[in-house]
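# Residue-level structure breakdown
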Amino acid sequence: MNAKSVWRSMIVIILVASVAILMSACGDDDDEARPGYYPEPDDDDDIDMDDDLNDDADDDLDDDLDDDDTIPPDLIDHIVLSFDPDPYEEDSYFYSGASFGMRVDLYGADNEFLGQTDDYTINVESDPADASFQLDMDTETIIFDPTQETVYYITATLNSKDIDSDLVVVLIQIENSAKIELISPERGLFTQGGAGVTVEGTCVIENDSREEIPCPKVEINGNSIIDLTDEGHFQYEVYLVEGLNRIVVRALGELDAPLGEVNVSVLKCDNPLADGEMIESAIGARVNEEGFNSIEDIIMDMIGDIDIMEYIPDPLFEESLGDYTVSLSVTEFNYDDFQVDIGPDDYDSVLELEIHIINLSIALQGSGEFFDLLCGGENSGVLTASDLSLTAFVDIFVAETDGGLSVVIDNIDVGGLDSAEVSGFGDTCDGLLNTVLGSDVIGPVLEELLSTLIIDELQPMIEDLLNDLVLAGSFDLLDHTFNISADFDDIFLYDGGLSIWMSANFASDDVDPDVPEMPGSFRIAGTYPEMTATIPPNYLDPYGFGVVLNDDIINQALFEVFQAGVLGMDIDGLTAGEMALIFVTPQLVLPPFSADDPAILRLEPLLQPIITMESGDGLNASLAMGEYMLHVIIDTDGGEVKVFSAAITLIFPVGITIDDQGLLFIEVDPEDFDVDVTVWFEYGTMHFNAGLVEELIPNLIEGVIPMLGDILGGIAIPSFEGYTLSVDSLMAVGESHDFIGMYGSLASIEE
């Protein structure tokens with residue numbers, strides 16, 4: 001099972017659990033709350049009730065009924081509670097103060113209508129539970145008088161047989177709730193340039209005669225508009241900032257009582273990144289004095305891994321001495337210790353490398369008549385040097401051919417050769433060999449050997465070490481492949497440190513044709529920060545290794561994930577009846593829908609998520625998702641019918657850290673968020689409280705948001721072989737606070 005299937009299953013479980021909770025809230029666990037359709041009784045069947053109000057605390061209404069015309073109980077199979085007007089009819093939402101006539105119809109097997117009864121009890125529960133209602137005995141009706149938008153769950157119980165009717169759900173809307181329709185901006189707007197956007201629409205309420213009249217007042221982002229036209233038309237210019245802009249249109253009454261609101265989000269970016277564009281100076285890394293100490297340890301490990309014997313020529317030395325030939329071969333190459341010092345030479349803009357070899361010992365094997373005749377057959381000895389030093393300049397630059405870093409080590413100089421001497425061949429031969437060889441002969445041999453080792457082995461090792469900083473690679477997510485690549489821009493040596501800048505991008509070839517087209521990913525047009533020997537911007541703490549990461553690369557990753565369709569999904573596995581209970585919308589199960597019709601919960605983002613950094617101590621950021629659409633769809637024989645939609649704007653605080661493997665770790669808490677929800681019906685005109693949807697939103701997004709954290713967690717920070725950044729300080733840096741600054745030291749990943 002892939003990750004998409006797992007997530008879909010998780011959401012279905014959440015929704016089914018919501019159904020169970022709602023059902024248990026509406027009656028006993030054994031009651032089956034299922035909408036049903038039964039033959040209507042003849043219109044000539046009148047209701048004749050004599051109603052008394054029951055004083056029981058459970059809000060039951062008991063009807064004292066006549067005993068005439070009693071239907072035998074054994075013929076009764078089920079009962080149906082009906083209202084006049086029918087709350088399930090289209091456009092039949094009700095204001096507070098609404099009244100309902102009641103009747104209970106009796107049915108036998110095979111839905112055979114038997115008649116009506118006056119031997120029943122009315123059971124009413126509400127959400128919220130403190131909503132009020134009363135029985136009007138003169139008009140034989142229930143009158144509802146809630147103080148807020150309310151859902152009533154109503155059943156009838158046949159007293160003579162103790163069976164219950166199906167659940168009837170009635171929605172009561174506060175009188176004069178406004179109907180707000182936006183003409184602009186359209187949902188999913190990504191705008192470039194310009195200072196603002198025109199917010200235009202209509203706002204009307206219904207008077208006592210249910211005629212539409214203009215709202216007394218409209219408030220847009222806190223700014224009041226009172227000059228609406230006779231049709232309720234309004235228009236207002238809203239200034240936009242870079243990023244996600246939330247626009248709230250709120251309807252107010254004469255005394256500023258809230259009558260409803262609509263939210264819409266607009267994403268503004270004047271200079272978006274084109275799809276797949278490389279981000280210049282996206283990543284910077286700097287090594288200071290402490291960092292160079294760690295690099296010295298790395299280089300020492302590299303040197304320790306070199307098989308020096310592979311580079312020693314055989315023979316190491318061969319020279320004619322009179323009538324004899326002196327030939328020496330190396331059998332072992334040893335030393336007690338060595339030290340590496342590397343650091344910038346600011347004057348020459350290169351690194352200066354110095355290697356000290358302590359107590360070098362080269363085991364020699366002589367051959368030829370010289371050793372047989374003059375050395376008494378002793379042909380084994382050793383060449384030692386107590387302290388050899390090698391200095392060189394390391395020049396690092398960006399290659400023009402492939403954009404990688406090239407390393408050239410030159411100006412190699414070997415010192416301490418005067419301490420070199422040969423011993424072990426006997427007193428006579430040792431003196432002859434030291435006289436013949438001397439520093440003039442041994443020196444160039446050792447210098448050539450060490451230079452070959454440095455150029456052939458150490459130079460490419462350092463080059464590979466630095467090029468390992470490139471963040472190249474790919475990973476798979478929900479059957480999609482995403483690629484990360486980087487190239488070196490420049491390298492600087494100044495102020496006692498080495499700074500390297502890289503371009504990078506996050507790309508994918510997967511594009512979902514159903515995802516709205518965007519001009520590119522969100523970008524802040526800031527300048528990259530200067531990397532110095534101390535932590536910016538107002539700190540004086542020195543650090544060894546630092547990395548800055550442009551948040552544009554994170555937003556590019558979010559854009560690619562959005563464009564691939566990963567954030568959109570259809571959640572199926574429910575029926576229209578179950579979906580009706582989840583969202584308390586009985587209209588879902590009315591004709592042309594059946595309670596058994598398949599239902600789909602569709603998640604569809606209209607705007608890419610963005611992350612923005614905030615100034616201040618530490619690292620504060622937020623993740624914003626605007627116009628994340630939720631649609632409830634019924635899949636009928638005639639095709640899909642969209643019943644209602646919700647536009648959701650979510651803003652999450654995020655935590656950014658570095659894990660012990662050197663990966664950028666972005667943690668998103670799905671329970672800590674700011675949400676705006678606007679709900680509207682696509683089919684019919686049933687009204688209900690958007691807060692019911694808001695309560696379900698955390699469960700729906702619980703699977704999406706951690707997934708975004710996992711996506712962003714795939715971005716590695718620059719590291720060296722076996723070493724990564726141990727972070728001491730983490731903060732937003734740069735002129736626009738659009739870089740993640742990470743400062744600390746190089747530490748072994750294994751530690």
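Before reading further, recall that the structure is shown in the block above.
My aim in this report is to walk through the structure given alongside it, one point at a time. (Residues numbered from 1 in each chain as written. Predicted model: local features only at pLDDT ≥ 70, side-chain atom pairs only at ≥ 80, totals over all residues. Heavy atoms only, no water.)

### Overview of a negative patch on the surface
A grouping of E280, D487, D489 and D490 is seen on the molecular surface, where their side chains present a negatively charged patch. Here the element with the most residues in the negative patch is strand β30 (residues 480-494); it accounts for three residues. Positionally, D489 belongs in strand β30. The exposure class of D489 is partly exposed, given its relative accessible area of 30%. (Patch = residues over 30% accessible without salt bridge, like charges linked within 9 Å, V, L, I, M, F, W, Y side chains within 5 Å. Areas by Shrake-Rupley, 256 points an atom, 1.4 Å probe, with all protein chains shown as cover. Salt bridge = Lys/Arg side-chain N within 4 Å of Asp/Glu carboxyl O. Lys, Arg positive; Asp, Glu negative; His and termini not counted. Charge placed at Lys NZ, Arg CZ, Asp CG, Glu CD. Helix = DSSP H or I, 4+ residues; strand = E, 2+ residues; numbered from the N terminus. Buried < 20%, exposed > 50% of the residue type's maximum accessible area, 1.4 Å probe, protein only.)

### Focus on the nonpolar core
Of all hydrophobic cores here, the largest spans 129 residues; its most connected members are I355, L388, I396, I409 and I740. Ranked by residues supplied to this core, first place goes to helix α4 (residues 427-467) with twelve residues. (Core = buried A, V, L, I, M, F, W, Y, C linked by side-chain atoms within 4.5 Å.)

### Structural notes on the pattern of salt bridges
Taken as a whole and judged by the stated rule, the model has twelve salt bridges. Among the ionic pairs, R103 bridges to D105, the shortest N-O distance being 3.5 Å. Overall, the relative accessible area of 1% leaves D105 in the buried class. Two residues, R250 and E261, come together in a salt bridge whose shortest N-O distance is 3.1 Å. Here E261 lies in strand β20 (residues 258-268) and R250 lies in strand β19 (residues 243-252), a separation of eleven residues in the sequence. Of the residues examined, R250 reaches a relative accessible area of 27% and is grouped as partly exposed.

### A look at the packing of aromatic side chains
Following the criterion strictly, the structure yields seven aromatic pairs and no others. Here Y335 and F338 contribute two aromatic rings whose centre-to-centre distance is 5.4 Å and whose plane-to-plane angle is 85 degrees, an arrangement assigned as edge-to-face. With a relative accessible area of 28%, Y335 lands in the partly exposed category. Exposure remark for F338: the relative accessible area of 8% places this residue in the buried category. Put simply, the rings of F370, F371 and F425 pair up and form one aromatic cluster. (Phe/Tyr/Trp six-rings, centres within 6.5 Å; stacked < 30°, edge-to-face > 60°.)

### Quick notes on unusual backbone geometry
Cis peptide bonds are those with omega within 30 degrees of zero, and the linkage from S184 to P185 qualifies with 0 degrees. You can see P185 is positioned in the loop between β12 (179-184) and β13 (189-191). Each neighbour pair has its own omega, and for D314 with P315 the value is 0 degrees, a cis peptide bond. For D110, which is not glycine, the phi dihedral falls at a positive 60 degrees. Inspection of the secondary structure puts D110 in the loop between β4 (99-107) and β5 (113-117).

### Things to note about the sheet that holds β20
Across the sheet, which stays open at both edges, the five strands sit in the order β13-β20-β19-β16-β17 with mixed pairing between neighbours. With partners counted over all chains shown, the strands left at the sheet margins are β13 and β17 (223-225), one partner each. In this sheet, neighbouring strand axes are inclined to one another by 25 degrees on average, regardless of whether the strands run parallel or antiparallel. In terms of strand pairing, strand β16 (residues 217-220) meets β17 through three bridges, oriented antiparallel. Among the inter-strand pairings, E219 is bridged to a residue of β17, identified as S224. (Pairing = 2+ DSSP bridges. Axes fitted to C-alpha atoms, helices over the stretch in contact; angles between N-to-C directions.)

### Examining the pairing of strand β22 (residues 317-321)
Bridge count between β22 and strand β23 (residues 324-334): five bridges; the pairing is antiparallel. Bridge pairing in β23 places L321 opposite Y324. If you look at the hairpin formed by β22 and β23, you'll find two residues sitting between the two strands, and G322 has a positive phi there, around 65 degrees.

### A few points about helix α5 (residues 551-563)
Over its 13 residues, α5 extends 18 Å from the first C-alpha to the last, a length consistent with the 18 Å expected when each residue adds 1.5 Å. Taking burial as the measure, the 13 residues of α5 include 13 buried ones, the bulk of the element. Its side-chain oxygen 3.0 Å from the backbone nitrogen of D552, N550 forms the N-cap of α5. Positioned one or two residues after α5, G565 has a phi angle of 85 degrees, which is positive. (Expected span 1.5 Å × (residues − 1). Polar contact = N/O pair within 3.5 Å; in protein donor to acceptor, adjacent residues only side chain to side chain.)

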